[in-house]
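# Structural overview
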Amino acid sequence: MPLQLPKSSWSTTELEDLRELSRSFLQKEAVPHQERWAAEKKVDRELWNKAGEVGLLCLSIPEEYGGGGGTFAHEAVLYEEQARAGDSAWGVTVHNGIVAHYLLAYASEEKKREWLPKLASGEMVGAIAMTEPGTGSDLQGIKTRAVREGDHYVLNGAKTFITNGFHADLVVVACKTDPDAGAQGVSLIVVETDTPGFRRGRVLDKVGLKGQDTAELFFDDVRVPAANLLGDAEGQGFIQLMLQLPQERLIIAVTAVAGLEAAVDLTLEYTKERTAFGRPIFSFQNTKFTLAEAATEAAVARAFLDQCIERHLKGELDVQGAAMAKLWTTERVNKVIDDCVQLFGGYGYMTEYPIARAWADVRISRIFGGTSEIMKEIISRSL
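Since the model is a prediction, treat every value here as computed from it, not as a measurement.

### A closer look at unusual backbone geometry
- In this model, C58 sits at a positive phi of 55 degrees, which is unusual for a non-glycine residue.
- Residue position: C58 is located in the loop between α3 (46–54) and α4 (72–85).
- Non-glycine residue F277 carries a positive phi angle of around 55 degrees.
- Its location among the elements puts F277 in the loop between β8 (275–276) and β9 (279–280).

### Some words on the pairing of strand β2 (residues 145–149)
- Taken together, the 5 bridges between β2 and strand β3 (residues 152–162) define a ladder with antiparallel strand orientation. In the strand pairing of β3, V147 is matched with V154.
- The turn linking β2 back onto β3 is made up of 2 residues, and G150 within it adopts a positive phi angle of 65 degrees.

### Here's the deal with the nonpolar core
- W90, L103 and L230 are the most contacted members of the largest nonpolar core, which has 87 residues in total.
- By residue number, the principal contributor to this core is helix α7 (residues 237–273), which donates 13 residues.
- Excluding anything up to four places from it in sequence, W90 contacts F25, L26, V43, L47, W48, A51, L57, L78 and Q82.

### A short note on helix α10 (residues 354–362)
- All buried positions along α10 are accounted for by I355, A356, D361 and V362.
- Among the structural elements, α7 and α9 (319–344) are those in contact with the buried residues of α10.

### Observations concerning the layout of surface pockets
- For the second largest pocket, the calculated volume is near 170 Å³.
- Together, S60, T71, F72, H101, L243, P246, Q247, H312, L313, G315, E316 and L317 line the second largest pocket.
- Mapped by element, the contributors of at least two residues to the lining of the second largest pocket are α7 and α8 (285–313).
- When residues of the lining of the second largest pocket are assigned to their parent elements, the largest contribution, 3 residues, is made by α7.
- Class assignment for the residues of the lining of the second largest pocket results in 5 nonpolar, 6 polar and 1 charged.
- Inspection of the lining of the second largest pocket shows a minimum of three residues originating in each of domain 1 (13–124) and domain 3 (238–381).

### Quick notes on the packing of aromatic side chains
- The final tally for this structure, using the stated rule, is 10 aromatic pairs.
- Ring geometry for F344 versus Y353: centroids 6.2 Å apart, planes at 75 degrees, classification edge-to-face.
- We classify F344 as buried; its relative accessible area is 6%.
- One aromatic cluster is present, formed by Y270, F344, Y347 and Y353 through successive ring pairs.
- Against the face of Y153 rests R148, its NZ or CZ located 5.4 Å from the ring centre.

Cut-offs used in this document
Residues numbered from 1 in each chain as written. Predicted model: local features only at pLDDT ≥ 70, side-chain atom pairs only at ≥ 80, totals over all residues. Heavy atoms only, no water. Helix = DSSP H or I, 4+ residues; strand = E, 2+ residues; numbered from the N terminus. Pairing = 2+ DSSP bridges. Core = buried A, V, L, I, M, F, W, Y, C linked by side-chain atoms within 4.5 Å. Buried < 20%, exposed > 50% of the residue type's maximum accessible area, 1.4 Å probe, protein only. Contact = heavy atoms within 4.5 Å. 1 Å grid on protein atoms, 1.4 Å probe; cavity = no way out; pocket = protein on both sides within 12 Å on 5 of 7 lines; lining within 4 Å. Points joined across faces, edges and corners; volume = space filled by probe spheres on them. Nonpolar A, V, L, I, M, F, W, Y, C, P; charged D, E, K, R; others polar. Domains from an automatic or database assignment. Phe/Tyr/Trp six-rings, centres within 6.5 Å; stacked < 30°, edge-to-face > 60°. Lys NZ or Arg CZ within 6 Å of the ring centre and 35° of its normal.

Set out below in structure tokens:
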């Protein structure tokens with residue numbers, strides 16, 4: 001029997017219908033292909049078009065731009081079902097919850113109408129390029145440079161660890177328009193990947209998230225229209241990033257909690273079916289106590305996440321609250337899944353078992369979107 005957790009306070013009948021659609025889509029279009037995608041280090045490009053056809057892209061973007069007209073709650077439902085399905089390959093969280101919202105918030109009206117409908121249909125795949133080989137979490141230290149030349153910017157630089165990097169048709173690039181101005185010199189400029197001078201490097205070989213096309217990107221004298229600058233002036237990029245990062249961190253928390261719940265369900269099922277010394281593994285006190293703790297962790301994490309989602313839907317989730325959500329949920333899911341692997345014994349270390357893949361996939365959650373250490377730094381500033 002799976003965990004019996006109360007329905008989320010923000011759930012509605014409409015959202016539960018979306019949950020069913022998301023679940024059936026993922027079971028048909030994603031779950032059967034996990035091993036092949038892991039071997040190929042990328043999903044099938046057609047997956048994006050299929051998702052667009054059934055209405056799962058840009059769920060929280062207004063209908064006037066081709067989106068679903070929903071809220072973050074609609075996105076959360078899709079991300080939860082993706083985590084529960086065990087799909088870690090499809091970079092829809094970046095496309096839907098991050099890239100589309102940078103465009104919605106900061107692109108000109110003309111560019112919104114040009115780009116957002118294509119993201120919603122799957123004609124375009126979106127990525128955001130912040131991290132560089134030498135900077136990690138230090139966004140103020142980025143070296144990618146954009147120089148204004150008449151009606152264009154010329155970009156030069158390199159990015160790494162870019163989700164959707166192989167398939168991306170549109171990349172939001174964090175760059176320096178004034179290299180001497182620190183944070184005030186950062187701007188966000190959109191690059192369409194068919195622009196001369198743009199090239200992709202390796203699709204990176206990761207410990208987990210094997211099927212996700214995480215790539216290196218290079219910009220060699222890439223000329224893009226000045227209209228591709230996000231915002232009405234240069235130097236707004238760092239503030240734009242800070243305003244959007246809370247939603248990114250909440251997305252990570254959503255997938256962490258759903259992954260935690262799924263791991264406990266998998267382990268409950270396994271320990272009740274698997275026997276040792278003539279009786280089910282679940283009947284041993286250590287197993288019961290470990291899973292009692294895990295179920296409690298899941299319940300507490302869910303309650304905190306639901307509170308954060310409610311606050312975000314009201315526009316009240318602040319930077320510190322989002323950092324707390326990411327810190328707490330990612331630390332807990334790593335601990336719980338590690339405990340679950342232990343209960344699986346040797347089979348927990350075999351990649352054919354979903355719990356082993358989850359263990360590898362979830363480790364990055366304490367790193368991307370800002371490390372746990374950065375989250376603590378952010379939280380401490382409010383104390």
